[in-house]
Amino acid sequence: MMKKRIVLMVLLLTMLVGATTAAAQEHKYALSVFHFNIQYVIGGLYGFVPLPVDYPLWEIGPDEAEDMIVIESFKPILDLLEDHLDWTLSLELQAYFIEVLAERHPQVLTQLHDLAQGGQVELISFHYADQLFIAFPYEDWRRSNERTLDVFAEYDLPLSGAVFCQEGQGAQGMARRMEENGYTVMAWPKNLWKYQYGEEPAKPYYTFGNIHLVQAGKGVDDAETGVKTAWTFMGDGELLATGDWDPYFPWFFHTNNDAVEEYEANLQSLVDDNYVISGIADYVEDLIDLGIEPDDPPNLLDGTWQPGSTESVSMWLGRGGLWRKDERDNHVRTLCMMGHKELMAAETAASVAGLDYRDTLDEAWRQLFMAEVSDGTGINPYRGEVEFTIASAAEAIRVAREIIERAKTALDMEHVLIDTAAGTVTAGEFFWPGEEVAEAPLNVTVKAKNREHAERWFKLSDDPETYRLEIAFTAGEDKEARENRITFPGSGDQVLTTTALIDDEIRTYTRSDFTFEDGHFYMPAPIGLVGLGGGWWAIKDMANVHLAARITDSDPDVSFEDLTPPWSETITWIFYLINGDDAQALALADSINVHPTLAR
Amino acid sequence: MKRSWVILLMLLPALIFATAACDKNDDDDDDNDAAVDDDTPADDDDDDDTTPADDDDDDDAPPPLETGRFLLHLDFETDFRAHLRLVQYSDDTFTGQFLPKQSFDVITADVPLEGAGKMIRFPEALGRMIVLKFQGPAVSGGRCGDLPMSYSMALTAKEDNGYLVGGLTAYCGAQTYYGRPARVMRLSGLQTLEE
């Protein structure tokens with residue numbers, strides 16, 4: 001009996017020692033995200049600096065700007081990998097980047113293909129152009145991603161399960177769409193987490209719906225599992241090989257071999273310290289294989305990767321940068337929404353008329369993706385970038401309208417209502433619904449610097465109680481007239497909105513859970529919908545006003561502000577207010593912004 | 001840090017100039033009227049014809065009346081110039097002449113382009129857009145080789161504002177206004193009545 005006990009004890013001791021050893025066993029990974037953006041200076045650099053004399057190196061067009069990025073900053077990273085067969089670097093780019101390579105840099109595309117097939121490049125791509133997709137309806141991203149998958153298939157490029165996006169965009173709604181399209185791991189920017197909930201040590205990985213998430217850029221040192229990660233690079237990929245110069249400065253934007261060699265030496269030192277130079281998806285697969293369980297993340301709001309300096313999405317939806325005088329955020333983004341609506345209507349009209357304009361419409365959608373590129377409104381867009389996105393949106397709209405006109409001719413109808421939700425075209429003309437009312441149902445506060453403004457309320461329905469609010473700003477008195485604001489009264493502790501890529505669900509957050517770094521947060525509200533509490537909802541009419549919704553962690557009011565309105569122009573904002581349940585609010589937002597009925 | 005100083009020194013003259021120079025979006029002469037577009041939002045542009053003279057819907061109908069002439073001095077690809085003369089008619093159609101003052105790989109400077117178009121409206125968005133189509137000759141050594149060029153112009157504005165922003169999209173081939181563009185070029189400027 002005693003002998004048996006001793007044997008048992010020895011056995012248990014052995015198991016305990018073994019377990020301790022296993023827990024202490026380190027799993028070291030060196031991770032990276034090289035975020036490449038071939039549209040870094042969309043449209044080229046003409047007029048970037050309005051000097052009275054030409055600076056030849058600044059006078060470059062879109063092709064030259066794109067080529068510069070490929071040659072000076074992208075290819076050197078590929079070259080670096082040629083000598084390290086067991087290293088994997090994660091390169092994120094838009095599918096349009098691949099098309100540029102195919103058209104003008106086929107050898108680089110072949111090199112990329114071979115490295116990706118060999119596992120040395122983890123190719124990450126989630127959108128066709130570097131779009132601000134978290135600020136637009138799901139349909140726009142769906143088509144953009146569909147094209148992305150097609151491009152990668154066309155060139156036999158393996159697409160990683162990992163996802164990182166332009167401006168580090170992150171949204172809870174991405175989880176479902178990622179799962180549907182075969183993606184497995186969201187690389188959520190560490191700062192977008194910290195900005196909302198403060199600093200805490202990173203866990204090896206997290207749940208993200210039915211898939212997984214890692215905190216991109218934040219190293220893990222987890223004693224419990226032995227997992228250690230080092231992020232060797234996370235940022236604009238263009239900057240590493242050029243020693244931190246960006247494409248806005250063409251004469252300095254050249255490959256800096258010392259910078260590349262320094263990075264290579266850093267990686268080698270990590271290898272010497274038993275780190276695996278790994279892709280993100282492989283890292284998470286290893287954790288799953290090791291039996292390590294994911295943690296649950298907090299309830300994260302949609303946003304971008306440097307919310308501290310950009311105040312989340314406000315930099316793209318209302319806030320001005322270095323060249324603020326040339327920005328017109330609301331014009332650019334409302335024009336994108338006009339493009340969305342016109343294309344939805346063209347799809348419907350062509351279908352009802354039995355016209356096959358599939359290829360033409362697909363190209364028009366592609367133009368809209370170009371218009372939705374984030375750099376048209378932020379971070380510091382110069383006038384050329386602003387106008388390039390406007391030009392792209394305008395052409396998409398022009399094509400869509402022509403198809404609508406052809407459908408009307410085919411249907412022999414002069415004035416039509418195109419219901420994009422029902423997929424019908426009926427006879428009818430435009431009208432603004434509702435009767436003007438003298439008394440405002442909500443006490444809104446409108447402010448405008450050096451402009452006059454007037455508010456008008458129209459009642460659309462008693463049940464649910466629904467209004468349209470029009471705010472007409474006069475042209476400004478002077479160039480200082482670049483601040484328009486509205487604040488809606490809120491109540492309660494809940495923050496209510498939709499998340500990007502899921503247009504038919506309300507997401508609820510608890511205001512008091514947040515510890516916003518700046519005390520406030522700007523939400524994109526991708527279908528225009530924000531809850532005010534007490535059953536009230538505000539809905540941006542996104543073809544007229546598409547600005548970020550400002551919330552705070554202490555005050556329930558919700559504000560929208562534009563610090564970039566052209567001072568000499570009149571501007572009208574339109575909001576809808578509804579007192580109803582989630583389904584009623586969603587239905588109204590859908591009918592205004594996602595699946596509108598257009599009179600044409 | 002060193003780089004910051006270099007950038008600062010390089011940008012300083014530019015910033016001084018930018019501050020002193022006219023603000024491209026600003027209209028210092030306070031002429032902010034579009035001088036067009038007094039139609040109601042419910043108006044529609046159901047006429048597919050782009051040239052008033054081609055309007056054959058009703059051969060007995062009188063031709064549309066000329067309602068305005070405009071001369072737009074446009075910024076072309078942000079840093080260059082172009083001129084657009086527009087004649088507007090009572091049915092919201094236009095004829096236009098576009099004169100680029102800079103060559104690119106899809107267009108030749110100082111070769112005038114004649115075209116026609118119309119105003120399209122977006123009543124729900126309080127917006128309007130002037131669209132015109134132009135045919136042009138092949139551009140020697142250009143992106144489209146020996147093919148003649150087609151150009152689609154689309155200039156947008158909200159409400160009655162006179163500042164138009166949009167683009168001139170070049171397509172390879174005659175009468176080609178769809179498919180992948182050869183190039184999208186930027187245009188912006190104030191729409192004012194021609195004296």
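Notes on the structure follow. (Residues numbered from 1 in each chain as written. Chains lettered and ligands numbered in written order. Predicted model: local features only at pLDDT ≥ 70, side-chain atom pairs only at ≥ 80, totals over all residues. Heavy atoms only, no water.)

### Topic: the environment of Ile 71 of chain A
Residues and elements named next belong to chain A. You can see Ile 71 is positioned in helix α2 (residues 62–82). Counting along the chain gives 34 residues from Ile 71 to His 105, while the straight-line C-alpha distance between them is 8.9 Å. The contacts of Ile 71, once residues within four sequence positions are left out, are Pro 76, His 105 and Thr 255. (Helix = DSSP H or I, 4+ residues; strand = E, 2+ residues; numbered from the N terminus. Contact = heavy atoms within 4.5 Å.)

### Structural notes on the nonpolar core
Nonpolar side chains in soluble globular proteins tend to be buried together. Ranked by internal contacts, the top residues of the largest apolar core, which has 201 residues, are Met 174 and Leu 577 of chain A. Tallying contributions element by element places helix α13 (residues 383–411) of chain A first for this core, with 13 residues. Sequence-distant contacts of Leu 577 of chain A, that is, excluding residues within four places in its chain, are made with Leu 442, Trp 457, Glu 465, Thr 466, Tyr 467, Leu 469, Phe 488, Leu 532, Trp 536, Trp 537 and Ala 538 of chain A. If you look at the next biggest cluster of nonpolar residues, it comprises 32 residues, including Phe 70, Phe 94, Ile 107 and Ala 170 of chain B. (Core = buried A, V, L, I, M, F, W, Y, C linked by side-chain atoms within 4.5 Å. Buried < 20%, exposed > 50% of the residue type's maximum accessible area, 1.4 Å probe, protein only.)

### A short note on helix α14 (residues 582–594) of chain A
All names here are of chain A. Restricting attention to buried positions, one finds in α14 the residues Ala 585, Leu 586, Leu 588, Ala 589, Ile 592, Asn 593 and Val 594. Along its buried surface, α14 packs onto α11 (329–353), β16 (465–473), β21 (529–533), β22 (536–540) and β25 (571–579). Capping the start of α14, Asp 581 holds a side-chain oxygen 3.2 Å from the backbone nitrogen of Ala 583, two or three residues further along. (Polar contact = N/O pair within 3.5 Å; in protein donor to acceptor, adjacent residues only side chain to side chain.)

### Here we look at the sheet that holds strand β20 (residues 520–523) of chain A
Residue and element names in this part refer to chain A. Ordered in space as β14-β17-β24-β23-β20, the five strands form an open sheet in which the pairing is antiparallel. If you trace the sheet from one side to the other, it starts and ends with β14 (445–448) and β20, each paired once. Neighbouring strand axes in the sheet, compared pairwise and without regard to direction, differ in orientation by 25° on average. The pairing of β20 with strand β23 (residues 549–552) spans four bridges and is classified as antiparallel. The residue of β23 that forms the bridge with Phe 521 is Ile 551. (Pairing = 2+ DSSP bridges. Axes fitted to C-alpha atoms, helices over the stretch in contact; angles between N-to-C directions.)

### A short note on the side chain of Gln 196 of chain A
Relative to the elements of secondary structure, Gln 196 of chain A occurs in helix α7 (residues 190–197). Polar side-chain contacts of Gln 196 of chain A include one of 2.7 Å to the backbone nitrogen of Leu 301 of chain A.

### Quick notes on the packing of aromatic side chains
Each aromatic ring pair is characterised by the separation of its centres together with the angle its planes make. All names here are of chain A. The final tally for this structure, using the stated rule, is 45 aromatic pairs over all chains. Between Phe 126 and Trp 141, the aromatic rings sit 4.7 Å apart at their centres with planes inclined by 35°, giving tilted as the arrangement. On the criterion of sequence distance, the pair formed by Phe 126 in the loop between β3 (121–124) and α5 (138–154) and Trp 141 in helix α5 is long-range, its members being 15 residues apart. An aromatic cluster of at least three residues, connected via ring pairs, comprises Tyr 40, Phe 48, Trp 58, Trp 245, Tyr 248, Phe 249, Trp 251, Phe 252, Trp 323 and Tyr 382. The ring of Phe 458 is capped by Arg 468, whose NZ or CZ atom sits 4.3 Å from the centre of that ring. (Phe/Tyr/Trp six-rings, centres within 6.5 Å; stacked < 30°, edge-to-face > 60°. Lys NZ or Arg CZ within 6 Å of the ring centre and 35° of its normal.)

### Re the pattern of salt bridges
As enumerated under the stated definition, the model contains 51 salt bridges over all chains in all. Notably, a salt bridge pairs Arg 485 of chain A with Glu 483 of chain A, separated by 3.4 Å at the nearest N-O pair. Here the salt bridges do not stand alone but share partners, grouping Asp 63, Glu 66, Asp 67, Glu 103 and Arg 104 of chain A together with Glu 77, Asp 105, Arg 143, Arg 183 and Arg 186 of chain B into one network. (Salt bridge = Lys/Arg side-chain N within 4 Å of Asp/Glu carboxyl O.)

### Quick look at the interface of chain A and chain B
Each partner contributes to the interface: chain A provides 79 residues, whereas chain B provides 64 residues. When chain A packs against chain B, close to 6,000 Å² is buried across both sides, 54% of that on carbon and sulfur atoms. When the buried area of chain A at its contact with chain B is split by residue, Tyr 46, Arg 383 and Arg 398 of chain A rank highest and sum to 11% of it. One salt bridge in this structure joins Glu 124 of chain B and Arg 600 of chain A, with 2.8 Å as the shortest N-O distance. If you look at where chain A meets chain B, you find 25 residue pairs in polar contact (both at pLDDT 80 or more). For the side of chain A that touches chain B, the elements supplying multiple residues, two or more each, are α2, α3 (95–104), α11, α12 (358–371), α13, β25 and β26 (597–599) of chain A. For the side of chain A that touches chain B, the element with the most residues is α13 of chain A, which contributes 19 residues. Tallied by class, the residues present in the side of chain A that touches chain B amount to 33 nonpolar, 16 polar and 30 charged. (Buried area = accessible area lost by both parts, 1.4 Å probe. Nonpolar A, V, L, I, M, F, W, Y, C, P; charged D, E, K, R; others polar.)

### Here's the deal with empty space enclosed by the protein
The final tally for this structure, using the stated rule, is nine cavities of 30 Å³ or more. Roughly 160 Å³ of volume is contained in the largest cavity. What lines the largest cavity is a set of 18 residues, among which Asn 330, His 331, Thr 570 and Ile 571 of chain A together with Lys 158 of chain B lie closest to the centre. Within the residue set of the lining of the largest cavity, elements represented by two or more residues are α11 and β25 of chain A. Counting residues per element, the lining of the largest cavity draws most heavily on α11 of chain A, at four residues. Looking at side-chain class alone, the lining of the largest cavity contains five nonpolar, seven polar and six charged residues. (1 Å grid on protein atoms, 1.4 Å probe; cavity = no way out; pocket = protein on both sides within 12 Å on 5 of 7 lines; lining within 4 Å. Points joined across faces, edges and corners; volume = space filled by probe spheres on them.)

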